[in-house]
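Chains, contacts and geometry: an overview
Here is what each chain is made of, one letter per residue.
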2 protein chains.
Amino acid sequence: MTAALLDTLRQTVGAAHVLTDGDLAAYEQDWRRRQRGRALAVVRPASTAEVAAVVRACAAAGTSIVPQGGNTGLSVGSTPDTSGTQVVLSLARMNRVRGIDADNLSMTVEAGCVLQSVQQAAAQAGLLFPLSLAAEGSCTIGGNLATNAGGTQVLRYGNARELCLGLEVVTPQGEVWDGLSGLRKDNTGYDLRDLLVGSEGTLGVITAATLKLHAQPVARLTAWAAVPSMQAAVQLLGLAHRHLGAGLTGFEAMGQFALSLVVRHMPQLRVPFAGLEGAPWCVLLENSDSESEEHARARFEHLMELAFEDGCVLDAVVAESIAQARELWHVRESIPLAQAQEGLNIKHDISVAASRIPEFVAHTDALLAREVPGARLVTFGHLGDGNLHYNVQAPEGGDAAPFLREQEPRVNELVYDAVAAHGGSFSAEHGVGALKAETLVRYKSPVALGMMRAIKQALDPQGIMNPGCVLLKE
Amino acid sequence: MTAALLDTLRQTVGAAHVLTDGDLAAYEQDWRRRQRGRALAVVRPASTAEVAAVVRACAAAGTSIVPQGGNTGLSVGSTPDTSGTQVVLSLARMNRVRGIDADNLSMTVEAGCVLQSVQQAAAQAGLLFPLSLAAEGSCTIGGNLATNAGGTQVLRYGNARELCLGLEVVTPQGEVWDGLSGLRKDNTGYDLRDLLVGSEGTLGVITAATLKLHAQPVARLTAWAAVPSMQAAVQLLGLAHRHLGAGLTGFEAMGQFALSLVVRHMPQLRVPFAGLEGAPWCVLLENSDSESEEHARARFEHLMELAFEDGCVLDAVVAESIAQARELWHVRESIPLAQAQEGLNIKHDISVAASRIPEFVAHTDALLAREVPGARLVTFGHLGDGNLHYNVQAPEGGDAAPFLREQEPRVNELVYDAVAAHGGSFSAEHGVGALKAETLVRYKSPVALGMMRAIKQALDPQGIMNPGCVLLKE
C-alpha cells in the first residue's frame, strides 16, 4: 500500500521530488526545535495540478498530508508527527510571481514564494507589500497566509488576512478551487478565503494568492521615546493615532530589561534611554509619509511636543535620517537574539486590548514575581496591536534548562489564565499548530470549538489534512 | 404545533413582541419591493438570551427563521418566503451601545443599532466609525455585518468585515457564541467571525459586535475632476494613491449620462463639468487629513497639477470649504434618486479589478448598444474599489415597465457574462439574498459552491436559518 502510494507520487512529481532517504531534518524538525517528527516522504510538487494529484493520491490511500512552506512557524504546525506515516507536502518549488497588476494594486504569487521575494517584486513595480516579520528571508507567503502572519506593520496594514484578496486552494479531496481574484468587493457567498487563511493547512492546501499592494510611502521615519509607564505608552498611542493618522505604521513597546539584554549582548548598538531613571518602557514609533522626509519629521516633532506637554513622554529622539531610522528598528529587532544569547526562556505571544495592557502587565508581573521568584520578564512587542511578546527568562545565574523543564507548564498556565481574565488571546500571531492544540481546548469557548470541529469534519471528512494541528486528533 | 410554538415565543419575548396580525408589510416586503412574503410571526426579542430561546424554540419545532435588521437590503435577504411558515426574527429592539473603549479604538454594539447611531456614538467619543452608505439612517449594524456592507469609505477603511473585531452570535442550535473581542490579533483557530460576516443570516444570528474605530480626520475635503476617459480615471486613481497615501478616502466615478439625470431632476444642484465636451466621466475624490483643511487643499492642488501634466484630468475644482465638499458628495449621492425619478431601471452592483474597468465598460457598453438598442447606461460608483453600479435605464420616452419585464433577464445575463469574462463579481456589495441565489449557481465555481454547501450543512444541519437565501433550497 505504502509502496504503491510512493510509486504514484513519484509518477506525479518525478522521483527526484519524492524524498524518503537521507537527512530530512529540514522538513521534519520545527523551527524552534521543539519537536522532531518522521515523514513517510517529502513530496515537492511544481504546479497546482501536481499538488492536486498528490492530494488525490494521498486521499485514496488514506494517508495524512502536512503542508509545508518555509517551515519557520513557531507553533509546530508544518512538521510531521513521529508515526512515519505522514506525507510532507512542500510548496517550495511553487515560487513564481504570476503577475503584478499595478493599476489594481495587486499581485498574484505562488504559495512557495519567499516573503522577501514578494516584497522585492512589489518594490520593483514601485509598490509596497507591507507584510514584514523576522523570518521574511525564508518564510513563504503560503505559510504566512495559512498562519495569518502578523509582524510589524499590522497597525496600519493589517495581518496577512487583510492583505489577501483571493486564494487558489487544493481541497482535501484534491479538487482545485480557483478563488484568485483582485477584487476589493465581492459579496457572493461565504468567505471561504478568510476561512482558509489561518487554518494552518487543516482545511486545504493554499497554492497561490492574490495580494493587496499599497503605494510606497515617500519617507519612513522613526522616533524613540522613553515613557514613564505603560499607561503613558497607551496614551502616546492615542495621540499618535490622532496626529499621524494613517501615517502611523509602527508602535512598538520595549521594557527596560529587554533593552538591557541588547546592551549586554550587542554592545555595538546604541540603545537610546537604556536604563533611564523613571522610564520603565521605551516606545519605537514609525511614521510613513506620502510627502517627504522633512514632512514626516515635522509631524513627529509636533507629536512629541504634545506628548511632552501631556506628560506621557519623558524624552524622545526623532531619527535624523533614514539610516538612523533603520538603526532604531535594528535595536527593536535584536531583542529576540539578545534574549537567546542570555539563555533559554519561555515565550508567549499574547494579545490584550491596548486599553487593558497596563493592567495586564501590572497584574501578571506581580503574579509571576510572587509565584516564580527570580523569573525575569522580557516584555516587548507590537503595542499598537495590543500584542506583546511576554517572555520569561530563567533567574539570573541559575541553570536555565531545569528551570524551563520544571516551570514552563506552570508559567504558561499563570500567563494564559491572566490573558484570559483580561479578555485576551494566548496566540496573537503565531497560531496554534500542534504545540498549542491543547491550550486551545482549555481557553476557547466550547461553542466556537464545536463550530470549528463541524467545519473541519465538513471540509475534510477523512481527516487527512494536517491532523492534530489546531484541533486535537479525536 | 404552530400554536404551541407561538405560545412558547410569547412566553419568551412577551406577547406584545410576537406579531401575527395587522399590517406586517414593513417586515414582509423587501426594500426594493421585489417580493412580498408572509410570516408565521414577527418576533422581537430584547436580549441575546431571548434570541437564543427563540431560536431553540423554532429549532425544536423545525420552523425556519429569517433574521432581520433594518430590512433595507437590496437582494431580498431578510424577508420571509410566501409559505407563511417562517418566523421573522427582528433584532430592532437590541439597540444598545454596550460600550466604547477609546484607548483601544473599539466599541461594542448590539445588532439592532442603526448605523447612524453607531457613527454618532463613535463621533461623541471623538472617534470615527467609517462605514457609510445610503441607508445609514435606517439600516442596522447587524444587517451591515450579515451582508458585509460596502459603501463610500471602503477604499481606505475596508468593507464591514474589515471594521469588525468580534461577534456575538446565536447558532442555529440556539447556543450563544461569545466571540466579542477588541483584539487586533488573535490566531486561535478558524476565522468564524469572517465566516459569519457576509453569511446573510444563513449560519446564525449576529446579536452584537465589537467594531474597529479610527481617529477622526481633522479635515475632509473633496475635489471634482473631469476626465477624458475611463482609462484616465484609473490613471488618476494611481496618482491619488501615490500622492495622498492613506489620505485618499473616496474615489467615485460618474458617467455624464448619470450626471445629466441629476441636472434634469434636481435643477437646484450645481453639477461641475456637466456635459463638458470630451469629458465622458467625472470623478469625485476625497482627502481625509490629519493636519488641517489647508494642508488637505494643498495636497489636492499638488495632485491636480500632476494630473493636468499627465493629461488624465481636463478640469478640476477643489472644494473651497467643508460645506462645498458636502455639496459635491450630495451630487454623487443624488444619482440613485435622479435615476428613480427618470423611471424604472435595471440595477447591477458589479466589481472588476480597477485595471480592467476601462475595458469592461467599453466592451459592455458596446454590447448593450448592439443587443438592447436605446438602453441608456447610468454608470457610477466606487471606482477606487473597482465597484460600479452599472445600471440600465429604459429607452428615452418609451414605457419602462414592459421594457423591464421583457429585457431584465437578458440584460442581466449580458452584463453578468461580461463581468465573469473580466474576472469580476456580479454582487460587489449587495450580497446574494434570495434574489441572486440562482445567479450564484451560474457564476460561482462548483468547488466553492460545494464547500459552501458543506459548511451550511455542518453548521445548520436542520436548514432552518434563512433557507433559500444565498444557497438555493435543495
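Here goes a summary of the coordinates provided.

**Quick word on the overall build of chain A**
From N to C terminus, chain A includes 15 helices and 19 strands. Taking 2.2 N^0.38 as the reference for a compact globule, 474 residues should give roughly 23 Å; the C-alpha atoms of chain A span a radius of gyration of 23 Å, in line with that estimate. Seen through its principal axes, chain A has C-alpha atoms that stretch 70 × 55 × 45 Å. Residues classed as buried in chain A amount to 62% of the 474 residues present. Just so you have it, chain A exposes about 16,700 Å², and 50% of that area is on carbon and sulfur atoms.

**Comments concerning the environment of Thr222 of chain A**
Residue and element names in this part refer to chain A. Within the secondary structure layout, Thr222 lies in strand E12 (residues 219-227). For Thr222, a relative accessible area of 1% gives the class buried. The spatial distance from the C-alpha of Thr222 to the C-alpha of Glu371 is 38 Å, given a sequence separation of 149 residues. Setting aside residues no more than four positions away along its own chain, Thr222 makes contact with Leu284, Leu285, Glu286, Phe300, Val318, Ala319, Ala325, Leu328 and Trp329. Of note is the side chain of Thr222, whose polar atom sits 3.5 Å from the backbone oxygen of Ala325.

**Structural notes on the relation of the copies chain B and chain A**
Each copy of the chain is related to the other by a rotation around an axis and a translation along that axis. Between the two copies, chain B and chain A, the superposition gives an RMSD of 0.0 Å; the rotation angle is 180 degrees and the shift along the axis is 0.0 Å. In the structure described here, the two chain copies are related by an operation that fits a two-fold rotation axis.

**Topic: the sheet that holds strand E9 (residues 176-179) of chain A**
All names here are of chain A. Reading across the sheet, the five strands line up as E5-E6-E10-E8-E9 and stay open at both edges, with antiparallel pairing between neighbours. Edge positions in the open sheet fall to strand E5 (97-101) and E9, since each of these has one partner strand only. Strand-to-strand twist of the sheet, defined as the mean angle between neighbouring strand axes without regard to direction, takes the value 10 degrees. Note that strand E8 (residues 164-170) and E9 share four bridges and pair antiparallel.

**Considerations on the pattern of salt bridges**
Tallying each qualifying case throughout the model produces 48 salt bridges over all chains. One salt bridge connects Arg36 of chain B with Glu28 of chain B, and the closest N-O pair in it is separated by 3.0 Å. On the basis of relative accessible area, Glu28 of chain B is assigned to the buried category, the value being 6%. Across the pair Lys456 of chain B and Asp460 of chain B runs a salt bridge whose closest N-O atoms are separated by 2.8 Å. Neither Lys456 of chain B nor Asp460 of chain B differs from the other in exposure class; each is buried. Each of the salt bridges in this network shares a partner with another, and the network as a whole consists of Arg96, Arg98, Glu110 and Glu168 of chain A.

**Re the interface of chain B and chain A**
In this assembly, 79 residues from chain B lie in contact with 79 residues from chain A. Of the roughly 6,300 Å² buried between chain B and chain A on both sides combined, carbon and sulfur atoms contribute 59%. Of all residues in chain B, Lys185, Asn187 and Tyr190 of chain B give up the largest surface area on contact with chain A, accounting jointly for 17% of the area buried on that side. At the boundary of chain B with chain A, the tally comes to eight salt bridges. Notably, a salt bridge pairs Lys185 of chain A with Glu429 of chain B, separated by 2.8 Å at the nearest N-O pair. Between chain B and chain A we count 41 residue pairs in polar contact (both at pLDDT 80 or more) in total.

**Brief notes about the pairing of strand E3 (residues 65-68) of chain B**
All names here are of chain B. What you see with E3 is no split at all: Ile65 and Pro67 on one side and Val66 and Gln68 on the other are buried throughout. Taken together, the four bridges between E3 and strand E4 (residues 86-90) define a ladder with parallel strand orientation. Of the residues in E4, the one forming a bridge with Pro67 is Leu89.

Cut-offs and rules
Residues numbered from 1 in each chain as written. Chains lettered and ligands numbered in written order. Predicted model: local features only at pLDDT ≥ 70, side-chain atom pairs only at ≥ 80, totals over all residues. Heavy atoms only, no water. Helix = DSSP H or I, 4+ residues; strand = E, 2+ residues; numbered from the N terminus. Rg over C-alpha atoms; globule rule 2.2 N^0.38 Å. Buried < 20%, exposed > 50% of the residue type's maximum accessible area, 1.4 Å probe, protein only. Areas by Shrake-Rupley, 256 points an atom, 1.4 Å probe, with all protein chains shown as cover. Contact = heavy atoms within 4.5 Å. Polar contact = N/O pair within 3.5 Å; in protein donor to acceptor, adjacent residues only side chain to side chain. Least-squares fit on C-alpha atoms with pLDDT ≥ 70 in both. Pairing = 2+ DSSP bridges. Axes fitted to C-alpha atoms, helices over the stretch in contact; angles between N-to-C directions. Salt bridge = Lys/Arg side-chain N within 4 Å of Asp/Glu carboxyl O. Buried area = accessible area lost by both parts, 1.4 Å probe.

Function cannot be inferred from these measures alone, as they are strictly geometric.
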